[in-house]
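Next come the chains, spelled out residue by residue.
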Amino acid sequence: QRYCRPLLLCNGMMGSSDGLQIQCYQCEGVNYDCSTPEFIVNCTVNVQDMCQKEVLVKPDGTHYRKSCASSSACLITSSGYQQFCTGRLNSVCISCCSTPLCNGVKKKRPVLSAAASSRRALLFLTPPMLLHLT
Ligand SMILES: *[C@@H]1O[C@H](CO)[C@@H](O)[C@H](O)[C@H]1NC(C)=O
């Protein structure tokens with residue numbers, strides 16, 4: 001429950017009644033992206049309907065904090081910290097998501113496919129350029 005500390009919105013204020021339970025990764029201030037099975041926890045039914053992920057960039061490296069959260073607490077916290085999510089030193093980024101284990105490692109696929117397609121474009125454009133140089 002320590003994630004709710006700044007907001008006092010935790011104890012079921014927004015709880016739905018459908019018995020929903022999700023699982024999230026949970027870890028506290030570790031210096032690696034804790035997304036392996038030993039960090040999986042069951043969230044509290046009807047109270048914690050989202051997974052939260054905090055990424056802090058400190059002088060000694062990137063730190064991760066993950067947990068279950070209520071959607072109200074997570075969304076308010078993440079929007080409050082949005083101005084600190086700079087990508088630079090002392091950056092703090094907090095994200096919320098609502099599918100099981102969604103606070104795991106961020107998928108890199110879109111970046112890779114963009115790189116692959118630009119490589120293809122480059123190959124396609126190269127022959128005429130060489131022709132001009134000769
Ligand atoms: C989560 O709940 C499932 C089903 O109730 C149970 O089998 C599992 O052991 C629980 N996992 C943890 C980490 O508590």
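Residues numbered from 1 in each chain as written. Predicted model: local features only at pLDDT ≥ 70, side-chain atom pairs only at ≥ 80, totals over all residues. Heavy atoms only, no water.

A.B. asks: Is there a simple way to explain the site of the ligand in this structure?
C.D. replies: The immediate surroundings of the ligand are formed by Gln23, Ile40 and Asn42. Asn42 is positioned with one of its side-chain polar atoms (N or O) 2.4 Å from an oxygen atom of the ligand. Coverage of the ligand by the protein amounts to 27% of the 360 Å² it exposes when considered alone. (Near = heavy atom within 4 Å. Polar contact = N/O pair within 3.5 Å; in protein donor to acceptor, adjacent residues only side chain to side chain. Areas by Shrake-Rupley, 256 points an atom, 1.4 Å probe, with all protein chains shown as cover.)

A.B. asks: I keep staring at the nonpolar core and nothing clicks. Help me out?
C.D. replies: Generally speaking, nonpolar side chains in soluble globular proteins are found buried as a group. Ranked by size, the top nonpolar core spans 6 residues in total: Tyr25, Cys27, Val30, Cys34, Phe39 and Tyr64. Apart from residues no more than four positions distant in its own chain, Phe39 is found in contact with Cys24, Tyr25, Gln26, Cys27, Tyr32 and Cys34. If you look at the next biggest cluster of nonpolar residues, it comprises 5 residues, including Ile22, Cys24, Cys51 and Cys68. (Core = buried A, V, L, I, M, F, W, Y, C linked by side-chain atoms within 4.5 Å. Buried < 20%, exposed > 50% of the residue type's maximum accessible area, 1.4 Å probe, protein only. Contact = heavy atoms within 4.5 Å.)

A.B. asks: Where do I start with helix α1 (residues 71-80) in this structure?
C.D. replies: Helical periodicity: at 3.6 residues per turn, an α-helix aligns residues three or four positions apart in one direction. Along α1, the residues that are buried comprise Ser71, Ser72, Ala73, Cys74, Thr77 and Ser78. Against the buried residues of α1 lie β4 (50-58), β5 (61-69) and β6 (92-97). (Helix = DSSP H or I, 4+ residues; strand = E, 2+ residues; numbered from the N terminus.)

A.B. asks: In this structure, what is going on with the layout of surface pockets? I would like to understand it.
C.D. replies: Left-over empty space is what a probe sized like a water molecule reveals as it rolls over the atoms. As a volume, the largest pocket reaches approximately 330 Å³. In terms of lining residues, the largest pocket is bounded by 17 residues, among which Asp33, Lys53, Val55, Tyr64 and Lys106 are the most central. Residue assignment for the lining of the largest pocket shows that the elements contributing at least two residues are β4 and β6. The biggest single contributor to the lining of the largest pocket is β6, with 5 residues. (1 Å grid on protein atoms, 1.4 Å probe; cavity = no way out; pocket = protein on both sides within 12 Å on 5 of 7 lines; lining within 4 Å. Points joined across faces, edges and corners; volume = space filled by probe spheres on them.)

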